[in-house]
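The chain contents come next:
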Amino acid sequence: MIDQENGVFPAVCPLDCPDTCGLLLHKENGRIVKVAGNPDHPITKGAICNKVRNMAERVYHPERLQYPMRRVGAKGEGKFERISWDEAIDEITGKFKSVSETYGSESILPYSFYGNMGILGVDGMDRRFFNALGASMLEQTICNAAGNTGWKYTMGANRGTVPEDTEHADLIVVWGGNIVSTNMHQVVLAEKARKKGAQIVVIDVHRNRTAQWGDWFIPLYPGTDSALALGLMNVLFEQGLTDEAFMQKYTVGHEALRDHVRSYTPERVARITGVPEADIVKLAELYGRAQAAHIHIGNGLQHHDNGGMNVRSVACLPAITGHWLKRGGGAVRTNSYASTNSDALERPELRSNPEPRVVNMNRIGEALLEAEQPIRAMMVYCSNPLVVAPDTERVERGFAREDLFTVVHDLFMTDTAKYADILLPAKSSFEATDLYTSYWHQYVHLQEPVIAPVGESKSNVELFSLLGLAMGYDPEIFGETPEQMIAGALTDTGNPYMNGVTLEALQEHRFVKLDMAPHASYLEQLPTPSGKIELFSEAMAERGLPPLPTYRALVEGYDGEHPAGPGDVHPLMFLSPPNHNFLNSSFANTEKHQRMEKMPMLQIHPEDAASRNIEDGDAVVVWNERGRIELTAKVSEAMLPGTVISQGLWWDGSGRKQRVNSLTSNRLSDMGNGATFFSATVEVKRQ
């Protein structure tokens, strides 16, 4: 496809989004001139979002990095000189060797996430390299760890309702997810259900685009989701709206749960959550009497101190009502039906230290400033930690260390890249071969290069292959082609859903559907200790966690039972959910996307604004003990009083501090060691 100057070519969206859209790239004179959806894709059917529609602008952005560079200014200044790839590889491998010899290989740390969802690029040759090097390991829990853990305690595996079935639901509850901005094709399916008479209920802390689209929006105080779920259970049990036969056959602990939720009366839960008592009863009756109710559990409710329990509590609802047996009913948090042969990709046998030091990525600032066992060298790729990691000001101090050798591989001069010692240009996904799965639908995709590399950019596979060979590692392992790696990843997966997914099938069809036959017996073979849905979890009890769904107030934050008082110096709950036109920190430097989002705003309730003499459009300072940022006030009733909202991860710019994670904590969630981005308190004043 690279060699063909003109035409229309298949592709896949590489972004960290559940939809994993099929694309068509239009080329003229060797350049992409249009990105369109592929109408032949069975799920995404030609519809794509603004982010991807304007992807060519990102690929050919004038600030795209094109050559390896070496830092010549102070860290953070962003001054570099051009060097060759040979020089870059020599400097990196030389430094890694000397650091390993002097301080030990575990003083080297990779930092990456899923800025590009290609499996080879983030779970392949890079893992081989750091395994062979014996580097410290990064615990990658910044996104979905708390929710996945809470779900697994209940259901055993991150699998739920198949997307196509949701159009048959007569009630769809979107809980803590702004799917209009983050899962647009689920909205399309929900619209089909609505045309058949389904009602759409949105539960969130913020009247976002999804809340505006839904039929009934229920706002609540941040982090009180488990209390609301328990209040619904109370009504369901009290009114006999549960499915006793289902609970007897498919669950454990339902009798204990019935007794447990008696204390979560609608009156008490209304006080905790801010949801009126009548609405709690109405929602429970609506859910219990539905023919097939589906709950879409979003990312928002897991990013709290109690995030794992929030998800676990909501996940219990379809079990006590039996909605799992109704077509379109049940729930979904993430659908991980596709899994590859990770050992073939990552080659764990290369590691001579099988139990290395592990650094949690949410605590990277703390780790970089650790004095006893300091990190001496870092390699950052597919992530921008100075924007996405919590407690950003501490992260920045860590990256500013003169004795820290840092390599950054990226498409742009990000806030993180300015602190690199060696800066390397990365290929876009349209310039490389990779394998893509979805964490929502049931299709696996192959991406092959459509355009030639921009400048001297290289993919992660190419980069880590070069580094591995330069270090003298096994050329058979580090010389594998992407095609060989894909073939290995799709062989001996041990996953029956992957039957029929082969390199040859992908090369012929570009995307292949999973074998969903095993899903028919999904409830009969849950990988929980009991083999059933665990309303009561012995595994949680053994780990010192409440074995039944239980509401616990936030470590940092307030609810209706524990409101902010006169002595609280940071009396407002601060949340920073995604905006519509960025994806995490991606696209925040693209002018078109910036124009669509206008500017970083702070949404503040009229009551909170009036008590601080803040008017719409005022410049405001938002601060706590971790940091401060400068935003523009937008007075709005989109959330309950006591909560302020700033959407999107903006880079610092125009002399303004606007990185919202300067205010967020590096505390870990109740389970899964996840991030607690949304459990933060602040104060606000006019500038």
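Predicted model only: the values in this text are computed from it and were never measured.

Chemist: Explanation requested: the packing of helix α10 (residues 225-238) against helix α15 (residues 307-315) in the structure shown.
Modeler: Think of two packed helices as two axes; the pair is described by the angle between the axes and how far apart they sit. It is the contact of α10 with α15, at a shortest axis distance of 8 Å, that shows an interaxial angle of 20°. With respect to their mutual orientation, α10 and α15 come out roughly parallel. Of the two possible hands of crossing, α10 and α15 adopt the one that is left-handed. Every residue of α15 that contacts α10 at Asp225, Ser226, Ala229 and Met233 is listed here: Met309, Asn310, Ser313 and Val314.

Chemist: Just to check I follow, could you spell out the packing of aromatic side chains for this structure?
Modeler: The geometry of an aromatic ring pair is captured by the separation of the ring centres together with the interplanar angle, meaning the angle of the planes. Counting across every chain of the model gives 16 aromatic pairs. A ring pair is formed by Phe130 and Tyr381, whose centres lie 6.5 Å apart and whose planes are at 5°; its orientation type is stacked. Of this pair, Phe130 sits in helix α5 (residues 125-133) while Tyr381 sits in strand β15 (residues 377-381), and the two are 251 residues apart along the sequence. Given a relative accessible area of 4%, Phe130 falls into the buried group. By relative accessible area, Tyr381 is classed as buried at 1%.

Chemist: Mind showing me how you'd approach α15 here?
Modeler: Helical periodicity: at 3.6 residues per turn, an α-helix aligns residues three or four positions apart in one direction. Buried residues dominate α15, accounting for nine of its nine residues. For α15, every residue scored as buried is listed here: Gly307, Gly308, Met309, Asn310, Val311, Arg312, Ser313, Val314 and Ala315.

Chemist: I keep staring at helix α21 (residues 460-470) and nothing clicks. Help me out?
Modeler: Among all positions in α21, only Asn460, Val461, Leu463, Phe464, Ser465, Leu467 and Gly468 are buried. Of the residues trailing α21, Gly472 is marked for its positive phi of about 85°.

Chemist: Help me out: how do you make sense of the sheet that holds β15 in this one?
Modeler: Sheets are built from strands paired through backbone hydrogen bonds, the pairs being either parallel or antiparallel. Spatially, six strands are ordered β5-β4-β17-β16-β15-β6 in an open sheet, and the strand pairing comes out mixed. Strands with a single pairing partner mark the edges of an open sheet, and in this sheet they are β5 (80-82) and β6 (108-112). The mean inter-strand angle of the sheet, taken between neighbouring strand axes irrespective of direction, is 20°. Sheet topology note: the β6/β15 ladder contains five bridges and is parallel. By the bridge assignment, Leu109 is partnered in β15 with Met378.

Chemist: Help me understand the environment of Gln291, please; the structure alone is not making it clear to me.
Modeler: Turning to its location among the elements, Gln291 is positioned in the loop between α14 (277-289) and β12 (293-297). Note: C-alpha distance between Gln291 and Val252 (39 residues apart in sequence) is 23 Å.

Chemist: How should the state of the cysteines be read in this particular structure?
Modeler: Put plainly, a disulfide is one covalent bond tying together the sulfur atoms of two cysteines. Using the criterion set out here, one finds zero disulfides in the structure. The thiol sulfur of Cys21 is not disulfide-bonded, and the nearest other cysteine sulfur, from Cys13, lies at 5.8 Å.

Chemist: I tried to follow the pattern of salt bridges on my own but got confused; where do I start?
Modeler: Where charged atoms from two side chains of opposite charge approach closely, those side chains can pair. Scanning the model with the defined rule gives 39 salt bridges in all. Glu91 is the partner of Arg70 in a salt bridge, and the nearest nitrogen-oxygen pair spans 2.5 Å. Taken as a pair, Arg70 in strand β4 (residues 69-71) and Glu91 in helix α3 (residues 85-103) lie far apart in primary sequence, 21 residues in all. Judged by its relative accessible area of 21%, Arg70 falls in the partly exposed class. Two residues, Arg510 and Glu448, come together in a salt bridge whose shortest N-O distance is 2.5 Å. Taken together, the residues span a long stretch of sequence, with Arg510 in the loop between α24 (503-509) and β20 (511-513) and Glu448 in the loop between β19 (443-447) and α21 at a distance of 62 residues. Put simply, Asp305, Glu556, Glu625, Arg626 and Arg667 are held in one network by salt bridges that share partners.

Conventions we followed
Residues numbered from 1 in each chain as written. Predicted model: local features only at pLDDT ≥ 70, side-chain atom pairs only at ≥ 80, totals over all residues. Heavy atoms only, no water. Axes fitted to C-alpha atoms, helices over the stretch in contact; angles between N-to-C directions. Helix = DSSP H or I, 4+ residues; strand = E, 2+ residues; numbered from the N terminus. Parallel < 35°, antiparallel > 145°, perpendicular 65-115°, else oblique. Left-handed = near helix turned anticlockwise from the far one by under 90°. Contact = heavy atoms within 4.5 Å. Phe/Tyr/Trp six-rings, centres within 6.5 Å; stacked < 30°, edge-to-face > 60°. Buried < 20%, exposed > 50% of the residue type's maximum accessible area, 1.4 Å probe, protein only. Pairing = 2+ DSSP bridges. Disulfide = S-S within 2.5 Å. Salt bridge = Lys/Arg side-chain N within 4 Å of Asp/Glu carboxyl O.

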